[in-house]
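An overview of the molecular structure
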Amino acid sequence: MKITDTFRFATNAATAAPLRAGLLVLAMSIGVAAVVMLTALGDGARRYVVEQFSAIGTNLVIVLPGRSETRGFNPANLVTSTPRDLTIEDANALLRLPEVKRVAPILVATTEINAAGKLREAMLLGTNDDYINVRQMKVGLGRFLSKDEVGHGSAEVVLGAVIRREIFGTENPLGKTVRVGDRRLRVVGVLSEGGQGMGMTTDELLIVPVATAQAMLNSNTLFRILVEARSREQIAEVKAHVLKTITQRHDGEEDVTVITQDAILETFDKILNVLTLGVAGIAAISLAVAGILVMNVMLVSVTQRTGEIGLLKALGATSSAVRQLFMVEAILLSLSGAVVGVGLGYVGAAVLRHLYPSFPAYPPLWAVLAGLATALISGLVFGVMPARRAARLDPIQALSKR
Amino acid sequence: MPDESLISLSDINRTFYLGDSKVHALRNVDLNIARGEYIAVMGPSGSGKSTLLNLIGLLDRPDEGTYKLEGRDVTTLDADELAAVRSERIGFIFQSFHLVPRLTAAANIELPLVLSGFPAAERVKRVSQALKEYGLTDRANHRPNELSGGQRQRVAIARATILRPAVLLADEPTGNLDRVTGEEVVKLLEKLNAQGMTLIVVTHDQALGARARRQIRMEDGGIASDVTNSHVEANDASRDGLPTDIIPSVDIPTDNAQTVPVEPVSSLPASRQPNEG
Ligand SMILES: Nc1ncnc2c1ncn2[C@@H]1O[C@H](COP(=O)(O)OP(=O)(O)OP(=O)(O)O)[C@@H](O)[C@H]1O
Ligand SMILES: [Mg+2]
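Structure report, in brief.

1. Quick notes on the overall build of chain A
When its secondary structure is counted, chain A shows 13 helices and 10 strands. Scaling as 2.2 N^0.38, a compact globule of 402 residues should have a C-alpha radius of gyration of about 21 Å, whereas chain A reaches 33 Å, well beyond that. In terms of overall dimensions, chain A has a C-alpha envelope of 105 × 55 × 30 Å along the principal axes. The burial tally for chain A puts 50% of its 402 residues in the buried class. Long-range contacts, defined here as pairs at least 24 residues apart, represent 80% of the contacts in chain A between residues at least 6 apart. Counting only carbon and sulfur atoms, one obtains 61% of the accessible surface of chain A, whose full area is about 18800 Å². Looking at chain A, you have 40 positive and 34 negative side-chain charges, and the mean spots of the two groups are 11 Å apart.

2. Some points on the interface of chain A and chain B
Contact residues are listed per partner, giving 25 residues for chain A and 27 residues for chain B. Carbon and sulfur atoms supply 61% of the area buried between chain A and chain B, which totals about 2300 Å² over both sides. Contact with chain B buries surface across chain A, with A:Met1, A:Lys2 and A:Leu315 losing the most and accounting together for 27% of the total. Here chain A is connected to chain B by 2 salt bridges. Between B:Arg123 and A:Asp5 there is a salt bridge, with its nearest N and O atoms 2.7 Å apart.

3. Some details on the site of ligand 1
Around ligand 1 there are 14 residues in total, and B:Ser45, B:Gly46, B:Lys49, B:Ser50 and B:Thr51 lie nearest to it. The local environment of ligand 1 is shared, drawing residues from chains A and B. With respect to ligand 1, the side chain of B:Ser50 contributes an N or O atom lying 2.7 Å from an oxygen atom. B:Thr51 places a side-chain nitrogen or oxygen 2.5 Å from an oxygen atom of ligand 1. Its free accessible area being 620 Å², ligand 1 has 69% of it covered by the protein chains.

4. Concerning the sheet that holds strand 8 (residues 198-202) of chain B
Residues and elements named next belong to chain B. One open sheet accounts for 6 strands, arranged 6-7-8-3-9-10; its pairing is mixed. With partners counted over all chains shown, the strands left at the sheet margins are strand 6 (90-94) and strand 10 (222-228), one partner each. Each neighbouring strand pair of the sheet contributes to a mean axis angle of 15 degrees, computed without reference to strand direction. Relative to strand 10, strand 9 (residues 214-219) runs antiparallel, the two sharing 6 bridges. When the sheet's bridge partners are listed, Arg 214 is paired in strand 10 with Thr 228.

5. Quick word on helix 4 (residues 88-95) of chain A
Residues of helix 4 of chain A that are buried: A:Ile88, A:Asp90, A:Ala91, A:Ala93 and A:Leu94. Those residues of helix 4 of chain A hidden inside the fold are in contact with strand 1 (60-65), strand 2 (100-115), helix 7 (210-217), strand 9 (224-229) and helix 8 (235-249) of chain A.

6. With respect to the sheet that holds strand 5 (residues 72-73) of chain B
Residues and elements named next belong to chain B. What the 4 strands build is an open sheet, ordered 2-1-4-5; its pairing is antiparallel. If you trace the sheet from one side to the other, it starts and ends with strand 2 (21-33) and strand 5, each paired once. Lying over the sheet, helix 1 (residues 49-56) contacts strand 1 (7-18), strand 2 and strand 4 (64-69), oriented at roughly 120 degrees with respect to strand 1.

How each quantity is defined
Residues numbered from 1 in each chain as written. Chains lettered and ligands numbered in written order. Predicted model: local features only at pLDDT ≥ 70, side-chain atom pairs only at ≥ 80, totals over all residues. Heavy atoms only, no water. Helix = DSSP H or I, 4+ residues; strand = E, 2+ residues; numbered from the N terminus. Rg over C-alpha atoms; globule rule 2.2 N^0.38 Å. Buried < 20%, exposed > 50% of the residue type's maximum accessible area, 1.4 Å probe, protein only. Contact = heavy atoms within 4.5 Å. Areas by Shrake-Rupley, 256 points an atom, 1.4 Å probe, with all protein chains shown as cover. Lys, Arg positive; Asp, Glu negative; His and termini not counted. Charge placed at Lys NZ, Arg CZ, Asp CG, Glu CD. Buried area = accessible area lost by both parts, 1.4 Å probe. Salt bridge = Lys/Arg side-chain N within 4 Å of Asp/Glu carboxyl O. Near = heavy atom within 4 Å. Polar contact = N/O pair within 3.5 Å; in protein donor to acceptor, adjacent residues only side chain to side chain. Pairing = 2+ DSSP bridges. Axes fitted to C-alpha atoms, helices over the stretch in contact; angles between N-to-C directions.

Here it is in structure tokens:
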């Protein structure tokens with residue numbers, strides 16, 4: 001029998017029982033759609049997190065006050081357990097390292113902004129002029145903070161886009177004076193809308209010089225120091241030198257934690273990939289269930305078509321030809337289910353993206369291929385038994401059955 | 001001595017076991033059938049007629065004895081070889097027609113060609129010819145449930161003969177048909193026989209059996225009588241409109257007792273194509 005004829009015959013047999021075929025295709029397509037959609041979700045989550053962390057800048061090394069507990073026992077811990085604060089001087093010292101391109105100290109607090117008769121809560125961020133470059137953000141209007149050579153902190157503020165809109169509407173805010181906490185600050189710029197990073201939007205920020213912020217909060221500690229290495233290759237070096245410099249400055253005590261953006265990215269990437277795989281695996285179980293359904297439906301079909309099988313044998317069909325006919329039918333049904341499922345999965349992912357536009361829920365190609373392959377394999381595996389049963393039928397008994 | 005029989009059964013035994021009981025369906029059957037014969041197999045129910053037919057049709061194997069088809073010992077062939085012989089040399093006709101319900105008349109007739117891997121163009125040609133020969137052209141695209149019993153059996157006969165087998169085996173071919181339609185079908189079979197195809201019909205119908213030149217009566221698994229009626233008129237192939245194309249391309253021995261006029265067959269195309277399995 002020619003392979004094209006085998007396919008034609010099997011297609012014909014499958015479509016002759018539309019309910020049976022429809023159920024099978026449905027079961028298989030639900031399994032495949034689940035794989036496609038759930039991996040789209042998982043991979044979307046991975047991309048989302050990676051994008052968020054990439055959005056904070058490139059080649060970043062981040063300094064946090066306090067020791068990370070994972071670094072093991074250090075006798076210094078016995079002497080003192082309260083970590084020293086990070087200071088602006090620490091940040092300036094880091095800038096002197098040769099591999100360091102930029103440094104941005106960060107101080108954050110919640111505060112209130114009061115202007116044009118409106119009062120609003122906002123996030124205060126104290127930093128320097130380099131912050132805009134380190135974070136790769138854009139100024140939409142005016143300019144960013146000026147360079148604070150002296151370190152006294154000028155009375156200027158850069159507004160987030162939403163703050164600007166809510167306080168000033170369409171009015172030009174540049175040069176206007178706003179009240180932040182107990183200070184009067186002059187608006188010098190507005191950030192572009194839509195800035196993201198570390199899960200927080202920059203649209204509701206008030207950015208002031210770090211010295212000004214420290215004065216407002218009456219504190220000289222920093223929340224973080226962002227350090228940008230000159231190149232990707234130098235990140236490890238920067239990390240080591242930063243740690244050494246701060247330790248030296250803190251009387252030999254290693255009381256800060258230095259993490260690299262790459263390490264964070266990698267960790268999240270790994271965790272979320274495993275998560276995606278796990279989710280895909282769970283979804284694949286539904287494919288196995290669909291496979292068992294394929295087997296059952298095909299077994300029923302063999303029983304119903306006993307007479308036909310006997311006839312084929314009487315007409316000279318070999319056992320292997322009969323087996324092939326039923327195998328091809330099972331595979332065709334599974335595959336069409338898989339194709340429908342991929343379609344459904346893509347539609348589902350598109351709906352997800354529509355509902356959550358910031359969430360990049362695209363089905364990864366590997367998952368689509370794996371879904372198709374699993375459907376095909378389960379069709380093959382679960383098609384074998386019914387096909388063999390058909391091939392083994394005794395033609396005389398098959399023919400005598402009506 | 002060269003074996004000139006088409007079918008030669010010697011000392012065939014076939015026993016079925018049903019639980020503890022043992023059914024001797026065929027016992028020590030010896031039978032020689034020449035090419036072109038017309039045989040009716042009769043006998044009471046359970047006497048082994050169908051078993052004999054299945055055995056001749058290679059759907060079943062004997063427990064003992066040898067079966068030579070066209071001089072070749074077929075008892076030693078494996079399942080796939082048997083299938084090949086079945087496809088090429090044997091045509092079956094059943095009481096219940098055994099048409100595939102989802103396939104049209106044309107597609108049912110085409111089945112043996114499809115199974116044997118004939119190219120599509122050749123299939124179309126042969127099927128349309130067969131449809132014409134059996135008066136089914138206007139029913140080509142009807143499914144079996146849209147056909148009358150007689151039409152169904154004609155489709156089945158067209159299907160059984162499309163590969164021009166040497167032997168046509170019919171197990172109660174008129175059993176599901178009324179008398180008139182049954183008669184038509186029998187005439188059709190006899191025409192094929194008149195053109196040289198060996199015909200073996202199992203029947204309960206005495207009148208139908210009497211039409212055959214050779215009548216075999218079975219009883220309890222054995223051949224009780226085997227009579228050749230010399231007085232039965234040979235069917236005249238020239239009387240009917242059946243084209244000569246469905247004559248099997250075999251030589252009929254000159255000493256054949258049945259003097260059926262056979263037209264030359266040299267114009268026939270090669271009847272077999274390479275089987276693609
Ligand atoms: N597969 C089988 N298993 C067991 N016994 C069988 C089988 N096939 C046939 N027999 C038995 O063998 C005997 C002959 O059966 P067979 O079908 O050849 O009879 P038959 O002459 O065709 O009868 P009928 O005229 O009723 O069709 C019967 O007794 C039957 O019960
Ligand atoms: Mg019978």
